[in-house]
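One letter stands for each residue in the lines below.
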Amino acid sequence: GNSKLDGTASTSRTNTLNTTLTGQIVEVLPNGDFVIEAKKTVLVNTEKYQLEMRALLRWNDITPGNTVRSDRLGNIEMKLNGKGLVSDAIRRPNL
């Protein structure tokens, strides 16, 4: 016997994430600026994402409430790592 399967498939996804990160100072530079890092884990459907950020922060951009707007950060490095099953599972063809 023989079998033949011809087919095409595609998947796409668009996500928007608005969040607040809590970070910490990991280095104080000679000019008084800070290097900060923050991490946050988010669960979307059955997939787990970890957002990591590293940036430069000037001491005078910290508000009295101990917060910093993202547009006040410099040299931002962001990494988004995901792990988990894709929501649309692949189905076996009917035999």
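Use the structure listed above.
Residues numbered from 1 in each chain as written. Predicted model: local features only at pLDDT ≥ 70, side-chain atom pairs only at ≥ 80, totals over all residues. Heavy atoms only, no water.

## Some remarks on unusual backbone geometry
Glycine aside, the phi torsion of most residues is negative, and most peptide linkages are trans.
Move 1: Of note, the phi angle at Asn66 is positive, near 65°, even though the residue is not glycine.
Move 2: Relative to the elements of secondary structure, Asn66 occurs in the loop between β3 (47–57) and β4 (74–84).
Move 3: Unusually for a residue other than glycine, Asn75 sits at a positive phi of about 50°.
Move 4: Position of Asn75 relative to the elements: it lies in strand β4.
Move 5: Judged by relative accessible area, Asn75 falls into the exposed class, the value being 61%. (Helix = DSSP H or I, 4+ residues; strand = E, 2+ residues; numbered from the N terminus. Buried < 20%, exposed > 50% of the residue type's maximum accessible area, 1.4 Å probe, protein only.)

## Quick look at the nonpolar core
Move 1: Phe34, Ile36, Ala38, Met53, Ala55, Leu57 and Leu73 together form the largest nonpolar core, which totals seven residues.
Move 2: Among the secondary structure elements, those contributing two or more residues to this core are β2 (34–44) and β3.
Move 3: Those residues in contact with Met53 that sit more than four places away from it in its chain are Leu21, Ile36, Glu37, Ala38, Leu73, Ile76, Glu77 and Met78. (Core = buried A, V, L, I, M, F, W, Y, C linked by side-chain atoms within 4.5 Å. Contact = heavy atoms within 4.5 Å.)

Keep in mind these numbers describe shape, not what the thing actually does.
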